[in-house]
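A look at the structure
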Amino acid sequence: MAHNLTPPGPLRLVGNLEANWKRFRQLLNQYLAGSNLDAKPDKTKIGILLSCLGEECLEIYESFVFDDTDANNNGRTYARVIQKFEDYC
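Residues numbered from 1 in each chain as written. Predicted model: local features only at pLDDT ≥ 70, side-chain atom pairs only at ≥ 80, totals over all residues. Heavy atoms only, no water.

Some details on the environment of lysine 84
Secondary-structure assignment places lysine 84 in helix α4 (residues 78-88). Between the alpha carbons of lysine 84 and isoleucine 60 there is a distance of 9.7 Å; along the sequence they are 24 residues apart. Not counting residues up to four positions away in its chain, the partners in contact with lysine 84 are Phe64, Val65 and Phe66. A polar side-chain atom of lysine 84 sits 2.6 Å from the main-chain carbonyl oxygen of valine 65. (Helix = DSSP H or I, 4+ residues; strand = E, 2+ residues; numbered from the N terminus. Contact = heavy atoms within 4.5 Å. Polar contact = N/O pair within 3.5 Å; in protein donor to acceptor, adjacent residues only side chain to side chain.)

Description of the packing of aromatic side chains
Applying the stated rule across the entire model yields six aromatic pairs. Where tryptophan 21 meets phenylalanine 24, the ring centres are 5.8 Å apart and the plane angle is 25 degrees; that geometry is what we call stacked. One end of the pair, tryptophan 21, and the other, phenylalanine 24, are both in helix α1 (residues 17-34), three residues apart, so they sit about a helical turn from each other. The pair tryptophan 21 / phenylalanine 24 is uniform in exposure class, with both members buried. Both rings, one in phenylalanine 64 and one in phenylalanine 85, keep their centres 4.9 Å apart while their planes meet at 80 degrees; by these two values the pair is edge-to-face. Here phenylalanine 85 lies in helix α4 and phenylalanine 64 lies in the loop between α3 (55-63) and α4, a separation of 21 residues in the sequence. Both residues of the pair, phenylalanine 64 and phenylalanine 85, count as buried. Here the aromatic cluster, defined as three or more aromatic residues joined through ring pairs, consists of Trp21, Phe24, Tyr61, Phe64, Phe66 and Phe85. (Phe/Tyr/Trp six-rings, centres within 6.5 Å; stacked < 30°, edge-to-face > 60°. Buried < 20%, exposed > 50% of the residue type's maximum accessible area, 1.4 Å probe, protein only.)

Notes on the packing of α1 against α4
Two elements in contact, α1 and α4, have axes whose closest approach is 9 Å; the angle formed by their N-to-C orientations is 155 degrees. With respect to their mutual orientation, α1 and α4 come out roughly antiparallel. In this structure, α1 contributes Leu17, Trp21, Arg25, Leu28, Asn29 and Leu32 to the contact, and α4 contributes Tyr78, Ile82, Phe85, Glu86 and Tyr88. Along the lines of polarity and charge, the residues of the contact of α1 with α4 split into eight nonpolar, one polar and two charged. (Axes fitted to C-alpha atoms, helices over the stretch in contact; angles between N-to-C directions. Parallel < 35°, antiparallel > 145°, perpendicular 65-115°, else oblique. Nonpolar A, V, L, I, M, F, W, Y, C, P; charged D, E, K, R; others polar.)

Details of a negative patch on the surface
On the surface, a cluster of negative charge is contributed by Glu55, Glu56, Glu59 and Glu62. Position of glutamate 55 relative to the elements: it lies in helix α3. (Patch = residues over 30% accessible without salt bridge, like charges linked within 9 Å, V, L, I, M, F, W, Y side chains within 5 Å. Areas by Shrake-Rupley, 256 points an atom, 1.4 Å probe, with all protein chains shown as cover. Salt bridge = Lys/Arg side-chain N within 4 Å of Asp/Glu carboxyl O. Lys, Arg positive; Asp, Glu negative; His and termini not counted. Charge placed at Lys NZ, Arg CZ, Asp CG, Glu CD.)

Points about the side chain of threonine 77
Residue placement: threonine 77 occurs in the loop between α3 and α4. Engagement of the side chain of threonine 77 in a polar contact is seen with the backbone nitrogen of arginine 80, the distance being 3.1 Å.

Here it is, written out as C-alpha cells:
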C-alpha cells in the first residue's frame, strides 16, 4: 500500500530531551499507524525507528547493551529498543 506520509525527523538531542523524545514517539506512532507499518515484525520497526531517529541516535543505539533472551534478534525487540531510548532520554 502506497502512502504519502512523511516520517518524523531526527530526534533533537538538544534542549529538553525528555520532551523531544515524547514528541518524537508521538509522531513515530502516528507514522507507523497511518502507514500500516505498526504490524510489521520487530526487525522492520527497529529499522524504521533507527532511520527516523537520525545518525547521532544510531551511535547512542550502538552503545546499548541487550540481553540475549531473544536469540533471533540478539535480545533486540522493538519494545526493548524503545525502552532503551526511553531510559536514555
